[in-house]
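Structural overview for review
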Amino acid sequence: MKHIISLLMENEAGALSRVAGLFSARAYNIESLTVAPTEDATLSRMTIVTSGSDEVIEQIIKQLNKLVDVVKVLDLNDGRHIERELMLVKVKATGPFREEMKRMSDIFRGRIIDVADGSYTIEVTGSCSKLDAFLEALDKAAILETVRTGASGIGRGDRILKI
Amino acid sequence: MDDRTPQTTHQISGAEIVIRCLQEEKVKFVFGYPGGAVLHIYDEIFKQDAFKHILVRHEQAAVHAADAYARATGDVGVALVTSGPGATNAVTGIATAYMDSIPLVVISGQVPTPAIGMDAFQEVDMVGITRPCVKHNFLIKDVKDIAPTLKKAFYIAATGRPGPVVVDIPKDITAHFAKFEYPATVEMRSYTPIMKGHSGQIKKALKLLLEAKRPMIYTGGGLVLGDASAELVKLARALGYPVTNTLMGLGGYPATNNQFVGMLGMHGTYEANMAMQNCDVLLAVGARFDDRVIGNPGHFYSKDRTIIHIDVDPSSISKRVKIDVPIVGHVQSVLSEMNDLLIAETRKPDADAIKSWWEQIDLWREKKSLVYKNDSQIIKPQYVVEKLWEVTKGDAYVTSDVGQHQMWAAQYYKFDKPRRWINSGGLGTMGVGLPYAMGCQLAAPDAMVACITGEGSIQMNIQELSTCHQFRLPIKVILLNNRYLGMVRQWQEFFYENRYSESYMDSLPDFVKLAESYGHIGMNIEKSADVEGALKEAFDMKDRFVFMNFITDQKENVFPMVPNGKGLSEMILAGDE
C-alpha cells in the first residue's frame, strides 16, 4: 500500500543522503522524495512517498527515526491528510491541439504559464493520481515533456508536525 | 579576524583541541597510524602523555583493537587514521563494530578544506563511504566545531544502541586556532535515546512469564553491551527458567550454571534450539532474531508462542519476527524493574509445568549434541578448546576469528562472565582475532588473553605480530591449523558434493619461525597427548607472546548444524553424518 511519510530533520549537509541511502541500503521502495527548509531554517521538511506491507512501513518509520539527524517522523496515512504535487507539462499547441490543450487544461484546472508558437506549458497541481489522470487524458502524441515535483503532504485540521 | 593565527593566549590549535577532547573523555588508548592529513594531530600526541598511542601495522587492526577494547571494558574505543587509504583501510573495522553495536569514535584525517572535491592526493569521501556502516558521522568544517562535535560523537557512540561514529577532520582545521571549551553535556533534539521501559508492558511481560508452562529466556549481545548480566542472572534464578545465549551474548548468563542450555542457532546445542522452538513464552533480551539464530522464520512461526522482547532499539523489534509484548528501553533498567516487581509478586511460576518442561529439556540434553570422538593421536580442535578452558580455569579473555574455530570456541569454552568472549558475530570478519586480543590485553594487562584462530584468518592481520612485540602483549595465539578454510570446506562437503573449490590453504608459512622472526615464541603441537602440557607451558610464560600452532584433524566438522534456510529443530547432529 502507498504511504506518505513526512519528516522533520536537521537542515545539515548530508542529511538528504542519509535518508536516500537508508532506502537503497534496505531495499525500500521510494516513489518520490521532496525536501526543502521550513520556516525555521535549521529544519528541513521531507515528504517521502513509498509503498510496502504494514511490516515494511513500520520498519521504514523506525529506521528513519533511528537516523541521528531526523527529529520527527509521521506516517500521514495514519490519519486524514492532504497531498499535493505540482506538474509542468509541455504540450504541442499546433492545429487542432491548440484548442484541445486549452480545454483539457481548463477541465483539470491547470494554468497555461507559457505560450509559444508551437507549444503550451501547463501547470497542474493536485494529488498524484489527479496528475496521472491528466496525463492519461492527454493525447500521447501531444506531450513533449513533463516534470513533476513529487508529492508534499500535510495532516488535516489539528494534525501538526512540528517540534 | 581569522583563525589561522592565535588571537589570544587562550587559543590553541585544532590538533591540540582534539587531544584535549580525548583527555576530557578520559581516553586511555588511541589505536592509530600516522599519515599526511593527521600530522598536526600526531605532533600533539608526541607532546602529551595523558593517553597512550598504540601504533598498529594496518589501519584495519587499529579499529579492531579499539573495538575489542570497547567490548572488554564498556568504554568507547578510539582509533585515529589518516585520509584516503588510511580511512578506507579502517572501513572493515568500522563495519564490523557497526554490526555488533560497539561504541567507537574513529577520527580520520581529511585533505585540507580547499582541496576537498578536487581529487587531491589521498582524498576519499570518508563521510560518504562510511555512511551506511556508522551510527553517525561528521565532517568538521570549522575549528570551533571540533570540541562540540567530538563531545557529540562520544555521546552518540555510547548511548542508546551503541555504535561507531566517524569524525572526519580536514588537515587545515587542525592547524587553525580557537579557544578550547569542552561542553559539559549534550542536548540534541533529534537524538534522545530511551532509557526506561514502559511500566505497563513490563507488568504484562512478568504476568506472561509467571503463567508460562514452557518458558525460555534468550539473550544476546545487547545484554552484554547494556551491562545487564547481573540483573538477568537474578531474574532467571528467581524464576528457575532455562536460558540460552546467542553467539554475541555468551557470558551474559554463566555457562557452567545448570539453567544454561548452551548457545542457540545454526551451531547451537540440540537442547537450546529445541527449547527455543517448543517454548510457549519466550523472553528475548537484547537479541535480534537474526538468520543465524532462528533459521527460517517461517519454520519458527509454525509453533505458537508468545514473545516478549526487550531492546533499546525499536527497529530491532518486530523486524524478522512479530513480537507480542515489545519493551523499548535500556535492558538493565527494564530487567531491574522486572526484578523489583517479581520480589513484590505473590504469584509463583507453575511448579508442575516447569518441572515437566525441565524433564523435557533434560531428555533433549541426553542427545549430548556437543560430544565428539576424541583421538589418541590426531588433535581434535574441540579438545584444544576444552583444554584451554581447563588450563585458563575459564577465566581468560577469548577472542576468535571467523569460521569453524570460532564456533568451537563458542561451543566448548564455557564463559561465565560477560565481556570475555570477543568475536565478530554480525559481520563475520576474518582477521579480527589478533587485533581483538591486543585490545583485550591492553584493557586487562594482567589477564590471560587467548586468540583462537584458524590458519586462514590469522594471515589476514598477521602483521600485528609486530605491534604485539612492540607493546609486549603476552597474548597466546591458539591456531587450530587444519590446512583448510574449514567452514568453507564443511559447506562444500555438505552442499557442493565435496568439491573443495579454493578452500585448501596451500603454501602455509612455518608459523614457529614466523613468530620467532617477530620476536615471539612459537610452538608446534601435533599430538593430542601434548595439547594440555603445551597449553600449560605457554600460559606459564606470563610475560611472553606465544604462538601455538596446533595441527588438527582436517576433516572435523562443526555440529550440530542447522543448514541455511532450514528450521531450528531441523539440525544435523554429529551422528547423522
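The following paragraphs examine the structure supplied in this document. These figures come from a predicted structure and were not determined experimentally. (Residues numbered from 1 in each chain as written. Chains lettered and ligands numbered in written order. Predicted model: local features only at pLDDT ≥ 70, side-chain atom pairs only at ≥ 80, totals over all residues. Heavy atoms only, no water.)

1. Considerations on the sheet that holds strand 16 (residues 421-422) of chain B
Residues and elements named next belong to chain B. Selection rule: At least two bridges found by DSSP between two strands are what make those strands a pair. The secondary structure listing takes helices from DSSP runs of H or I that are at least 4 residues long and strands from runs of E that are at least 2 residues long, numbered from the N terminus.
Across the sheet, which stays open at both edges, the six strands sit in the order 16-15-17-18-20-19 with parallel pairing between neighbours. On the outer flanks of this sheet lie strand 16 and strand 19 (521-525), each paired with one strand and no other. In this sheet, strand 16 lies alongside strand 15 (residues 397-400) in parallel orientation, the contact comprising two bridges. Across the sheet, threonine 399 pairs through a bridge with isoleucine 422, a residue of strand 16.

2. Observations regarding the interface of chain A and chain B
Keep this limit in mind: Only heavy atoms enter the contact rule, under which two residues are in contact if any of them lie within 4.5 Å. Put simply, buried area is how much 1.4 Å-probe accessible surface two parts lose in total, over both of them, once they are put together. For this analysis, a salt bridge means a side-chain nitrogen from Lys or Arg found within 4 Å of a carboxyl oxygen belonging to Asp or Glu.
Between chain A and chain B, the residue contacts involve 20 residues of the former and 19 residues of the latter. For the pair chain A and chain B, the two sides together bury roughly 1500 Å², of which 46% comes from carbon and sulfur. Measuring nitrogen to oxygen at the nearest pair gives 2.8 Å for the salt bridge that ties aspartate 313 of chain B to lysine 66 of chain A. Elements with a minimum of two residues in the side of chain A that touches chain B: helix 1 (15-25), helix 2 (54-66) and strand 4 (70-75) of chain A. Considering each element in turn, the side of chain A that touches chain B owes the most residues, five residues, to helix 2 of chain A.

3. Re empty space enclosed by the protein
All names here are of chain B. Inclusion rule: Residues are said to line a cavity or pocket when one of their atoms sits within 4 Å of a point; the points come from a 1 Å grid over protein atoms alone, cavities being sets where a 1.4 Å probe fits but cannot get out and pockets being open sets with protein on both sides within 12 Å along at least five of seven lines. Grid points are joined across faces, edges and corners, and a volume is the space filled by probe spheres set on the points. Classification convention: Asp, Glu, Lys, Arg as charged; Ala, Val, Leu, Ile, Met, Phe, Trp, Tyr, Cys, Pro as nonpolar; all other residues, Gly among them, as polar.
This model, assessed by the stated rule, comprises four cavities of 30 Å³ or more. Lining the largest cavity we find Arg71, Ile102, Gly221, Val224, Leu225, Met248, Leu250, Arg419, Trp421 and Ile422. At the level of elements, helix 9 (221-225) and strand 16 are the ones that each hand at least two residues to the lining of the largest cavity. Classifying every residue of the lining of the largest cavity by side-chain character gives seven nonpolar, one polar and two charged. Size it by volume and the second largest cavity reaches roughly 40 Å³. Along the walls of the second largest cavity sit Gly265, Met266, Asp291, Arg292, Val293, Ile294, Gly295, Val562, Pro563, Asn564, Gly565 and Leu568, which together make up its complete lining. Residue classes in the lining of the second largest cavity are distributed as six nonpolar, four polar and two charged.

4. Some details on the environment of valine 233 of chain B
Residues and elements named next belong to chain B. Rule in force here: Burial status follows relative accessibility: with a 1.4 Å probe on protein chains alone, a residue under 20% of its type maximum counts as buried, one over 50% as exposed, and anything between as partly exposed.
Locating valine 233 in the fold gives a position in helix 10 (residues 229-239). Accessibility expressed as a relative area gives 16% for valine 233, which makes it buried. Taking C-alpha positions, valine 233 is 45 Å from tyrosine 42, a pair spaced 191 residues apart along the chain. Other than its neighbours up to four places away in sequence, valine 233 contacts Gly252, Tyr253 and Pro254.

5. Some details on unusual backbone geometry
Backbone phi values are negative for most residues with the exception of glycine, while trans is the configuration of most peptide bonds. All names here are of chain B. Of the consecutive residues phenylalanine 559 and proline 560, the connecting peptide bond is found in the cis state with omega at -10 degrees. By secondary structure assignment, the location of proline 560 is in the segment after strand 20 (546-551). Of note, the phi angle at serine 318 is positive, near 60 degrees, even though the residue is not glycine. With respect to the helices and strands, the residue serine 318 is situated in the loop between strand 13 (306-311) and strand 14 (325-328). Here glutamate 497, not a glycine, exhibits a phi torsion of approximately 45 degrees, which is positive. On the secondary structure map, glutamate 497 appears in the loop between helix 20 (486-495) and helix 21 (511-517).

6. Focus on the pairing of strand 6 (residues 111-115) of chain A
Bridge count for strand 6 of chain A against strand 7 (residues 119-126) of chain A is four bridges, and the pairing is antiparallel. Residue pairing in the sheet places isoleucine 112 of chain A in a bridge with isoleucine 122 of chain A of strand 7 of chain A.

7. Looking at the packing of helix 3 (residues 59-73) of chain B against helix 4 (residues 85-99) of chain B
Residues and elements named next belong to chain B. Note the cut-off: For every element, the axis is a line fit to its C-alpha atoms; helices are fit only across the contacting stretch, and the angle between N-to-C directions ranges from 0 to 180 degrees. Reported orientations rely on four angle classes, namely roughly parallel under 35 degrees, roughly antiparallel over 145, roughly perpendicular from 65 to 115, and oblique for the rest. In this scheme the handedness of a crossing depends on how the near helix is turned from the far one: anticlockwise by less than a right angle means left-handed, clockwise means right-handed.
Between helix 3 and helix 4, the least distance of the axes is 7 Å, while the angle of their chain directions is 30 degrees. Classified by the angle their axes make, helix 3 and helix 4 are roughly parallel. As for the relative orientation of helix 3 and helix 4, their crossing is right-handed in sense. Taken together, the residues of helix 4 that come into contact with helix 3 (itself represented by Glu59, Gln60, Val63, His64, Asp67 and Arg71) are Gly86, Asn89, Ala90, Thr92, Gly93, Ile94, Thr96 and Ala97. A per-class count over the contact of helix 3 with helix 4 returns four nonpolar, seven polar and three charged.

8. With respect to the layout of surface pockets
One number sums up the size of the second largest pocket: a volume of about 1200 Å³. The wall of the second largest pocket is formed by 37 residues, among which Gln63, Lys66 and Leu67 of chain A together with Asp313 and Ser315 of chain B lie closest to the centre. At five residues, helix 1 of chain A tops the list of elements feeding residues into the lining of the second largest pocket. Taken together, the residues of the lining of the second largest pocket sort by class into 15 nonpolar, 11 polar and 11 charged.

9. Topic: the nonpolar core
Short version of the rule: In plain words, nonpolar cores are sets of buried Ala, Val, Leu, Ile, Met, Phe, Trp, Tyr and Cys residues tied together by side-chain atoms within 4.5 Å.
Core analysis: the biggest nonpolar cluster contains 100 residues, and Phe289, Met338, Ile478, Met548 and Phe550 of chain B have the highest contact counts within it. Setting aside anything within four residues of it in sequence, one finds methionine 548 of chain B in contact with Val477, Ile478, Leu479, Met523, Ile525, Ala534, Leu535 and Ala538 of chain B.

10. Here we look at the side chain of glutamate 59 of chain B
Residues and elements named next belong to chain B. As a reminder of what qualifies: Two residue types count as positive, namely Lys and Arg, and two as negative, namely Asp and Glu; His and chain ends fall outside the count. For the purposes of these results, a polar contact is taken to be a pair of N or O atoms within 3.5 Å, where, inside protein, one atom must be able to donate a hydrogen and its partner to accept one; residues adjacent in sequence count only when each atom of the pair is a side-chain atom.
Mapping glutamate 59 onto the fold places it in helix 3. One buried charged residue, glutamate 59, remains without a salt bridge, the closest side chain of opposite sign being arginine 57 at 11 Å. Looking at glutamate 59, its side chain comes within polar contact range of the side chain of asparagine 89, at 3.0 Å. Once you skip the residues sitting within four places of it in the chain, glutamate 59 turns out to touch Tyr33, Val81, Gly86, Asn89 and Ala90.

In short, the description is geometric, and any link to function would need to be established separately.
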